[in-house]
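Geometric and topological summary
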Amino acid sequence: MPYQREDVYYGCLPLAIVNPSKRDLLFQLVRSIQHIYSLYVELCDGAYYGKLIGKLSELHHGVSGEVYAVDGRTLFIKDFTYDGEGPAAFFYAGNTKSPNSNGFRVRDERGTASVLKRYRRKDITLTLPDGKTLNSIKWFSVWCDEFAVNFGDVRIPRGFDYPKPQKLAALNGVHGVSSEPIVIVDAQTLLIPGFSYDGEAPARETFQAEKGAEVCINQDNNAI
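Since the structure is predicted, the reported quantities are computational estimates derived from the model, not experimental observations. (Residues numbered from 1 in each chain as written. Predicted model: local features only at pLDDT ≥ 70, side-chain atom pairs only at ≥ 80, totals over all residues. Heavy atoms only, no water.)

1. Thoughts on the overall build of the chain
If you tally the helices and strands in the chain, you get 1 helix and 15 strands. Burial status across the chain gives 47% buried among its 224 residues. Sequence-distant contacts in the chain: of pairs separated by 6 or more residues, those separated by 24 or more amount to 57%. Accessible surface, the chain: about 11,500 Å² in total, of which carbon and sulfur atoms supply 48%. (Helix = DSSP H or I, 4+ residues; strand = E, 2+ residues; numbered from the N terminus. Buried < 20%, exposed > 50% of the residue type's maximum accessible area, 1.4 Å probe, protein only. Contact = heavy atoms within 4.5 Å. Areas by Shrake-Rupley, 256 points an atom, 1.4 Å probe, with all protein chains shown as cover.)

What follows is the structure, given as structure tokens:
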């Protein structure tokens, strides 16, 4: 499939193109991206989830996990665990000195405001509400509304410097592969502006996004 100066988003975590219709990026593009990644290896060494904020305090109901900042509004929680036995637990955040009911709810990884169910070492991504950033909150918590109890929290350090977009070199390869300078949008996403490719490479190639992992694309542009 040819491309003519299109903007392509490439997901570093997880292994995917943000727009599934563009998953037929082929070998030459992959090699170019891997070369650029080597210049910024800490972002794509298979163990980078964002900038670590800290671990959730383990207070009640087995709450645990490591909290990372993907960007100013996005949190990634590695190995989140909660037994699901609290009567009315939600993700909460706020700017008071410590967690309390004056905070605001943060929707779950599905974008819903439902009571939290059981989690067992699950990786989840959460987005703060519009108008809220990590610079405007002091804590993130698993909070029980019914009994006003903090099941576990992490504090946001004052002046926390969350990941911000970084600009890298442009693509330049065979089969007309080219682009404007690539932008690392956040800890999970690359933007490839003005991407071009003539679509004439062999139909089956290997798409690699992190060390030790690969996705193969068949002739129907499906992952196998």
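2. Observations concerning the packing of aromatic side chains
Two descriptors summarise a pair of aromatic rings, namely the distance from one centre to the other and the angle between the planes of the rings. A complete count under the given rule lists 9 aromatic pairs for this structure. Ring geometry for tyrosine 49 and tyrosine 68: centres 5.4 Å apart, planes at 65°, overall edge-to-face. Residue tyrosine 49 is found in the loop between helix 1 (27–39) and strand 3 (51–55), and its partner tyrosine 68 is found in strand 4 (residues 64–69); the two are separated by 19 residues along the sequence. Looking at tyrosine 68, the relative accessible area reads 11%, which means it is buried. An aromatic cluster is defined as three or more aromatic residues linked by ring pairs; in this entry it consists of Phe80, Phe91, Tyr119 and Phe140. One Lys or Arg, lysine 51, reaches over the ring of phenylalanine 160 and ends 5.1 Å from the middle of that ring. (Phe/Tyr/Trp six-rings, centres within 6.5 Å; stacked < 30°, edge-to-face > 60°. Lys NZ or Arg CZ within 6 Å of the ring centre and 35° of its normal.)

3. Some details on the sheet that holds strand 10 (residues 149–155)
Strand order in this open sheet of 4 strands is 7-6-9-10, and the pairing throughout is antiparallel. Two strands lie at the open edges of the sheet, namely strand 7 (104–106) and strand 10, each paired on one side alone. Looking at each pair of strands side by side, their axes are set apart by 35° on average, direction ignored. (Pairing = 2+ DSSP bridges. Axes fitted to C-alpha atoms, helices over the stretch in contact; angles between N-to-C directions.)

4. Points about the environment of glycine 86
With respect to the secondary-structure elements, glycine 86 resides in the loop between strand 5 (74–82) and strand 6 (89–94). As a C-alpha pair, glycine 86 and arginine 118 span 32 residues in sequence and 9.6 Å in three-dimensional space. Not counting residues within four places of it along the chain, the set of residues in contact with glycine 86 comprises His61 and Phe151.

5. Some points on the sheet that holds strand 4
A sheet is described by the order of its strands in space; here 4 strands give the open sequence 3-4-5-8, paired in antiparallel fashion. Every interior strand has two partners, whereas the edge strands, strand 3 and strand 8 (119–127), have only one. Direction aside, the axes of adjacent strands within the sheet are offset by 20° on average. Pairing of strand 4 with strand 5, which is carried by 5 bridges, proceeds in the antiparallel orientation. Paired with glutamate 66 across the two strands is lysine 78, which belongs to strand 5.

6. Regarding the pattern of salt bridges
Within the structure shown, the criterion is met by 8 salt bridges. The closest approach of N and O atoms between aspartate 123 and lysine 78, which form a salt bridge, is 3.0 Å. Taken together, the residues aspartate 123 in strand 8 and lysine 78 in strand 5 connect sequence positions 45 residues apart. Taking relative accessible area as the criterion, aspartate 123 reaches 35% and is therefore assigned partly exposed. One salt-bridge network, held together by shared partners, links Asp108, Glu109, Arg110 and Lys122. (Salt bridge = Lys/Arg side-chain N within 4 Å of Asp/Glu carboxyl O.)

7. Considering the environment of valine 154
Along the chain, valine 154 falls in strand 10. Sequence spacing of valine 154 and tryptophan 139 is 15 residues, and the spatial spacing of their C-alpha atoms is 5.7 Å.

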